[in-house]
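# Coordinate analysis (summary)
Each chain, letter by letter, is given below.
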Amino acid sequence: MTIELSFSPDQQAFRDAARAFLEKEVAPVVAEMDEREEFPRASVRRMQEEGYFGIPVPEEYGGLGLGKVGYCIFLEELGKVDASHGVIVGAHTSLGTTPLLYYGTEEQKRRWLVPAAKGETLLAFSLTEPGSGSDSGAVHTVAERAGDGWSLTGTKLYVSNGREADAVIVMAANDPKLGANGGVTAFVVDANRPGFRVGRCEKKMGLHGSSTAELVLDHVEVGAEAVLGEVGKGFHVAMTALDVGRVSLGAASLGGMQAATRAALEFSQQRTQFGLPISEYEVIQFKLADMAMKIHALRGLVYLAASHQDTLGTDPKVWGRLARVEKTREAAIVKCLASEWASEVIDESLQIHGGLGYIRGTPIERAYRDARISEIFEGTNEIQRLVVARDLLARGL
Ligand SMILES: Cc1cc2nc3c(=O)[nH]c(=O)nc-3n(C[C@H](O)[C@H](O)[C@H](O)COP(=O)(O)OP(=O)(O)OC[C@H]3O[C@@H](n4cnc5c(N)ncnc54)[C@H](O)[C@@H]3O)c2cc1C
């Protein structure tokens, strides 16, 4: 058996073009965006124009058709430059376009997916509520029948892109008694519907360019055509999107780890103490070696999982149960390890920078603040460990 982990010439060309674009269009705006805590409209617009908001979406639906591997290649490059932009792309693509691509009818794809993939509209994904975080099946936002359609009422929390989104994938309880199993439905909701309002926007430790908004739905009326997938099967829709999100989060973390390691390498070769560059000291060398090992290991995990998702395809109706649970276990492993290794690598890079690493405005200080959330969102790492442990107990290793 031969397992190759190398990009095709087309994938390499895509990566090189993305890298050059991001250096030119995104890198220059990041420090000011972070300081002003502003959504980076101009650079997001440029990324949308280049098609970077529809990378894994097939060309027939307005995307670049590069699959999950292509998407991860881009997020790895973006992760080297800025985490806020990574979350903006991820909330839109992993969490916004996946439900439409995997569960949407042809009509829903034409109406919602095509403009989103072309970068004409921005999407968000709204599962979390004040009383329902890790216990995400315990949704309190209600979906009541209203004529042929539905009326949605409730408060959603911590929605990335929530302030700017044109449309939001909203999870609501069609039958609160049933919970995750039959009681939650996914809706695609136009943010301009009467009764839909953006509430408080959070001030955060990091990710200053990405909005994190409360959404208030007050009897928002939507037609039957707003339901994604089947009534009562919304939890599957959400979990499918999160599986894609968790692997792409791994790719963004991989990029962040490389930027932090590169910065530590350069700094350690320039900074002299006790008459020698600090890179000459074995303690520093061991830190650098540990950082490189984690990058090496994570690269394999991310691209293997991404290529498994490409092989599995985008039609959940043809997936067997085994394929589903393997995909979910693999995504949980990638997300958990990637986020913890990213925190460790960035922390060690900051340590190597000494006092300078703690000074506001240095890239490593920003990376340190930005990285921490990856252990929490898209399902906390405690929940990822529960996912892995439950599957282990059910099926073994
Ligand atoms: C910046 C940011 C962006 C976000 N973006 C989005 C978004 O776009 N869309 C969206 O829907 N949500 C989003 N979220 C929400 C995020 O996914 C949740 O915060 C996360 O899932 C955790 O939920 P919680 O905050 O309610 O914590 P809780 O669920 O209350 O957890 C608190 C602690 O208890 C632990 N815990 C809970 N249950 C168990 C258990 N059974 N066993 C062991 N430990 C447990 C958790 O791991 C955690 O450590 C975002 C959050 C932030 C901060």
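Quantities reported herein were computed from a predicted structural model and do not represent experimental measurements. (Residues numbered from 1 in each chain as written. Predicted model: local features only at pLDDT ≥ 70, side-chain atom pairs only at ≥ 80, totals over all residues. Heavy atoms only, no water.)

## Describing empty space enclosed by the protein
Enumeration according to the criterion identifies 1 cavity of 30 Å³ or more in this entry. Considered as a void within the structure, the largest cavity measures approximately 40 Å³ in volume. Listed by contribution, the elements that provide at least two residues to the lining of the largest cavity are α7 (234-270) and α8 (282-312). In terms of residue class, the lining of the largest cavity is built from 4 nonpolar, 3 polar and 1 charged. (1 Å grid on protein atoms, 1.4 Å probe; cavity = no way out; pocket = protein on both sides within 12 Å on 5 of 7 lines; lining within 4 Å. Points joined across faces, edges and corners; volume = space filled by probe spheres on them. Helix = DSSP H or I, 4+ residues; strand = E, 2+ residues; numbered from the N terminus. Nonpolar A, V, L, I, M, F, W, Y, C, P; charged D, E, K, R; others polar.)

## Overview of helix α5 (residues 83-103)
For α5, built from 21 residues, the straight-helix expectation of 30 Å at 1.5 Å per residue is met to within 8% by its first-to-last C-alpha distance of 28 Å. Of all the bends in α5, the greatest, near 35°, is centred on Thr97, and the proline Pro99 appears no more than four residues after it. For α5, the tally of buried residues reaches 20 of 21 residues, placing the bulk of the element in the interior. The backbone nitrogen of Ser84 lies 3.3 Å from a side-chain oxygen of the residue at the head of α5, namely Asp82. (Expected span 1.5 Å × (residues − 1). Bend = angle between axes of the 7 residues up to and from the residue. Buried < 20%, exposed > 50% of the residue type's maximum accessible area, 1.4 Å probe, protein only. Polar contact = N/O pair within 3.5 Å; in protein donor to acceptor, adjacent residues only side chain to side chain.)

## Looking at the site of the ligand
Residues in contact with the ligand amount to 18 residues; listed here are only the nearest, Thr128, Ser134, Tyr158, Thr380 and Glu382. Between Thr128 and the ligand, the recorded distance is 2.7 Å, taken from a side-chain N or O atom to a nitrogen atom. For the ligand, the protein covers 64% of the area, taking 970 Å² as the surface of the free molecule. Mapped by element, the contributors of at least two residues to the shell around the ligand are β1 (123-126), β3 (149-160) and α11 (381-395). For the shell around the ligand, the element with the highest residue contribution is β3, accounting for 3 residues. Counting residues domain by domain, the shell around the ligand receives three or more from each of domain 2 (124-228) and domain 3 (234-395). (Near = heavy atom within 4 Å. Areas by Shrake-Rupley, 256 points an atom, 1.4 Å probe, with all protein chains shown as cover. Domains from an automatic or database assignment.)

## Observations concerning the domain arrangement of the protein chain
Along its sequence, the protein chain is carved into domain 1 (9-122), domain 2 (124-228) and domain 3 (234-395). The straight-line distance from the C-alpha centre of domain 2 to that of domain 3 is 28 Å. With 15 residues of domain 2 in contact, the opposing surface of domain 3 contributes 15 residues. Note on domain 2 versus domain 3: buried area summed over both sides is about 1100 Å², and carbon and sulfur give 72% of it. (Contact = heavy atoms within 4.5 Å. Buried area = accessible area lost by both parts, 1.4 Å probe.)

## Description of the packing of α8 against helix α9 (residues 321-352)
Where α8 meets α9, the axes come as close as 9 Å, and the angle between the chain directions of the two elements is 155°. Classified by the angle their axes make, α8 and α9 are roughly antiparallel. Between α8 and α9 lies a crossing of left-handed hand. In the contact of α8 with α9, the residues fall into 17 nonpolar, 4 polar and 6 charged. (Axes fitted to C-alpha atoms, helices over the stretch in contact; angles between N-to-C directions. Parallel < 35°, antiparallel > 145°, perpendicular 65-115°, else oblique. Left-handed = near helix turned anticlockwise from the far one by under 90°.)

## Some thoughts on the layout of surface pockets
Quantified by volume, the second largest pocket comes out at close to 310 Å³. The wall of the second largest pocket is formed by 15 residues, among which Tyr103, Gly229, Glu230, Pro316 and Lys317 lie closest to the centre. Mapped onto the lining of the second largest pocket, the elements with two or more residues apiece are α5 and α7. The element contributing the most residues to the lining of the second largest pocket is α5, with 3 residues. Residue classes in the lining of the second largest pocket are distributed as 6 nonpolar, 4 polar and 5 charged. Split by domain, the lining of the second largest pocket shows at least three residues from each of two domains, domain 1 (9-122) and domain 3 (234-395).

## Brief notes about the pattern of salt bridges
Applying the stated rule across the entire model yields 29 salt bridges. A salt bridge links Arg46 to Glu25; its shortest N-O distance comes to 3.4 Å. Of this pair, Arg46 sits in helix α3 (residues 41-49) while Glu25 is found in helix α1 (residues 9-25), placing the two residues 21 residues apart along the sequence. The class of Arg46 is partly exposed, set by a relative accessible area of 24%. Of the charged contacts, one joins Arg299 and Glu76 as a salt bridge, the two residues approaching to 3.8 Å between their closest N and O atoms. Residue Arg299 is found in helix α8, and its partner Glu76 is found in helix α4 (residues 67-81); the two are separated by 223 residues along the sequence. When its relative accessible area of 6% is taken as the criterion, Glu76 is described as buried. Three or more residues are tied together by salt bridges with common partners; here these are Lys24, Glu25, Arg46, Glu49 and Glu50. (Salt bridge = Lys/Arg side-chain N within 4 Å of Asp/Glu carboxyl O.)

## Quick word on the pairing of β1
Burial of the side chains of β1 extends over both faces: Leu123 and Phe125 are buried on one face and Ala124 and Ser126 on the other. Here 4 bridges tie β1 to strand β4 (residues 167-173), and the two strands are oriented parallel to one another. Note on β4: the bridge partner recorded for Ser126 is Val170. (Pairing = 2+ DSSP bridges.)

## Quick look at the nonpolar core
One broad trend across soluble globular proteins is that nonpolar side chains are buried collectively. By size, the foremost hydrophobic cluster in this structure holds 52 residues, and its most contacted members are Met47, Tyr52, Phe74, Val89 and Ile352. For this core, the two domains that each supply at least three residues are domain 1 (9-122) and domain 3 (234-395). Setting aside anything within four residues of it in sequence, one finds Met47 in contact with Phe21, Val26, Tyr52, Phe53, Phe74, Leu78, His85 and Val89. (Core = buried A, V, L, I, M, F, W, Y, C linked by side-chain atoms within 4.5 Å.)

## Things to note about unusual backbone geometry
A positive phi is found at Phe274, a non-glycine position, where the angle reads about 55°. Classification of Phe274 by relative accessible area gives exposed; the value is 79%.

## What to know about a nonpolar patch on the surface
On the surface, Leu392, Leu393 and Leu397 cluster together into a nonpolar patch covering about 410 Å² of accessible area. Within the element layout of this structure, Leu393 appears in helix α11. (Patch = residues over 30% accessible without salt bridge, like charges linked within 9 Å, V, L, I, M, F, W, Y side chains within 5 Å.)

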